[in-house]
Amino acid sequence: MRSIKNHLSLIIALFSIVFTMQIYIVIDRTVVAYEKDLNDNYSVVVVTKNKVAPKKLVALSPTISSAKEISTKEVLSNLQSQMKQRHIDLLKLSLPHFYALHLDHYPTPSELQNLRKQLKRDTQITRIEDFSKSHDSIYTLLLLYKSISILFAIGIFAVTSLLIIKEMRIWQFQHNERMSIMAMFGAPVWMRSAVLFRLAIVDAIIASILAIATFSYADFIKVGNEQLTSIGINIQIFDLVGDGILIVGLALSLSIILATLIVIGHKEEV
Amino acid sequence: MDKVILAEELSLAYNSEETIISKANFSVASGDFVFITGASGSGKSTLLRSFYGALRPENGSLIVGGVEVNNISSSKLNFLRRHIGIVFQDYKLVKDWTIGKNVALPLIINGYAKDVSDIQVDKLLNHVKLSHKIEKYPQELSGGEQQRVAMARALAHNPILILADEPTGNLDDYSSRLIWNLLEGANTQLEATVVIVTHHIPEDLAVDYKHFNIEGGTVYEIN
């Protein structure tokens, strides 16, 4: 019973830490997916007098990842019923060229202003439409999501630090006396600390298994999937290999750091 | 006879300030049974602590088991301690270990094989009349029983030197007698050198003993 109690305190602390870390990863993944979705659906439209090679437009700014001409065929075909073919042919000749510029990331308002300046330098470009009004409000929302996720990360760091300090005090109390007694009988440092490290590693593995099982189940029953899909976000809540390694790594690192701090801070009491 | 403990001009102090023992000269030979007495706070326990390297000399020299303790390295200190058995007034048993594991501690540290260690633990617990409590934890035992366990632990690895700090200080007559018998047995049968810090020397001891007293920081032998 005593032994289970000793294990439980560290397992619960480590589980809380890796659990909140994984929640942060999911939130961060959602923000990244949302940003990518925004970027995929966003483009700046430019109008040119003459036909321009898309490559030339891409070269105007490093933030432009691709450029594609927008076909005017559909607009003209709509007019066919209302206009004579001769007029349509004339219109075709006088129509400017439209290009959609895709960017390598969703730009900030200042990046967008810069891009506008860079595009204006090209004399071929007569008009630029960057949908800045709707862009700015969407970008503010994205910033809000990012700020929330950063606040969450700070919260995790604070909680983690508090839990680790609390655990360190409990462990110091629990293990110092045993280590001192072992030292009195000539046990070398590695032997005195072996129990501590074994306990730390076993507890880290148990906490990791619990966290992996919880998130695998959440992924299996697709928790929050419906809500995320409805706003166009498709993310994996838990990646068994990637996230699993991260969870085991974090739990093991924290518990080994904790054990090492106890060993370093140990003072013979006898 | 070989000297197990040799102190020359030995001075001990708390936190390098308050001198407790001043320029002590004495020796303990192999096979001696020694009492160290003195008033409370005279430095008896401090002197004993210096024998197992928990307190380093301020001045002078202290040699224990042929090893100079003054500037001893941690590996040499561990080696020295593996040949010493210590009994504390407050027992110092590991609370979350069973009695059996507590007694086996010096055997584990000295690298005994598990089967050899198990036999030795059984023998010793039988000797201190606690073999039926091998699976119990220290807090499930009375003070006298815990001190008997501590005694069994101190003898487990057949040490050359046994150091006991007020080993019967908190015990009833039955447990005290048992502890004295064990210490005498360790000296006469195992030929261990025994050094005991105490307020009171029992009158019915069956061994010849040496007696050092500490007064005003000075250690002197009483004949």
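Being a predicted model, the structure only gives us computed values, none of them experimental.

*Asks:* Account for the sheet that holds strand E10 (residues 218-222) of chain B, naming residues and giving values.
*Replies:* Residues and elements named next belong to chain B. Reading across the sheet, the 6 strands line up as E6-E7-E8-E3-E9-E10 and stay open at both edges, with mixed pairing between neighbours. Sheet topology places strand E6 (84-87) and E10 at the edges, where each strand pairs with a single neighbour. Strand-to-strand, the axes of this sheet are offset by a mean angle of 20°, without reference to chain direction. Pairing geometry for strand E9 (residues 210-215) and E10, over 5 bridges, is antiparallel. Bridge pairing in E10 links Glu 215 to Thr 218. Together, E6 and strand E7 (161-165) form the strand contacts of helix H5 (residues 143-155), whose direction differs from that of E6 by roughly 170°.

*Asks:* Tell me about the sheet that holds strand E4 (residues 125-129) of chain A, and please be specific about residues and values.
*Replies:* All names here are of chain A. Strand order in this open sheet of 4 strands is E2-E3-E1-E4, and the pairing throughout is antiparallel. Unpaired on one side and paired on the other, strand E2 (64-70) and E4 mark the two borders of the sheet. With strand direction ignored, the average angle separating the axes of adjacent strands in the sheet is 25°. Examined bridge by bridge, strand E1 (residues 43-48) and strand E3 (residues 97-103) share 6 bridges and lie antiparallel to one another. Across the sheet, residue Thr 48 finds its bridge partner in E3, namely His 97. This element, helix H5 (residues 109-120), spans E1 and E4 of the sheet and lies at about 165° to E4.

*Asks:* Which residues make up the domain arrangement of chain A, and what values do they have?
*Replies:* Put simply, an interface is often sized by how much accessible area is lost when its parts join up. Under the domain assignment, chain A is made up of domain 1 (2-37 + 138-265) and domain 2 (43-130). Taking only C-alpha atoms, the centre of domain 1 of chain A and the centre of domain 2 of chain A are 50 Å apart.

*Asks:* An account of helix H1 (residues 44-51) of chain B is requested, with residue identities and associated values reported.
*Replies:* All names here are of chain B. The buried fraction of H1 is high, at 6 of 8 residues. For H1, the full list of buried residues reads Lys 44, Ser 45, Leu 47, Leu 48, Ser 50 and Phe 51. Within two residues after H1, Gly 53 carries a phi angle of roughly 80°, on the positive side.

*Asks:* How would you explain unusual backbone geometry if you had to name every residue and give the values?
*Replies:* Negative phi characterises most residues that are not glycine, and trans characterises most peptide bonds. Residues and elements named next belong to chain B. Phi at Lys 23 is positive, roughly 45°, even though this residue is not glycine. Within the fold, Lys 23 resides in strand E2 (residues 18-29). A residue is classified by how many C-beta atoms lie within 10 Å of it, and Lys 23, with 15 of them, is partly exposed. With phi around 60°, Glu 191 is a residue other than glycine that occupies positive phi space. With respect to the element layout, Glu 191 can be found in the loop between helix H6 (173-188) and strand E8 (193-197). With 11 C-beta atoms packed within 10 Å, Glu 191 lands in the exposed category.

The rules behind the values
Residues numbered from 1 in each chain as written. Chains lettered and ligands numbered in written order. Predicted model: local features only at pLDDT ≥ 70, side-chain atom pairs only at ≥ 80, totals over all residues. Pairing = 2+ DSSP bridges. Helix = DSSP H or I, 4+ residues; strand = E, 2+ residues; numbered from the N terminus. Axes fitted to C-alpha atoms, helices over the stretch in contact; angles between N-to-C directions. Contact = placed C-beta atoms within 7 Å. Domains from an automatic or database assignment. Buried ≥ 20, exposed ≤ 12 C-beta atoms within 10 Å, placed from the backbone.

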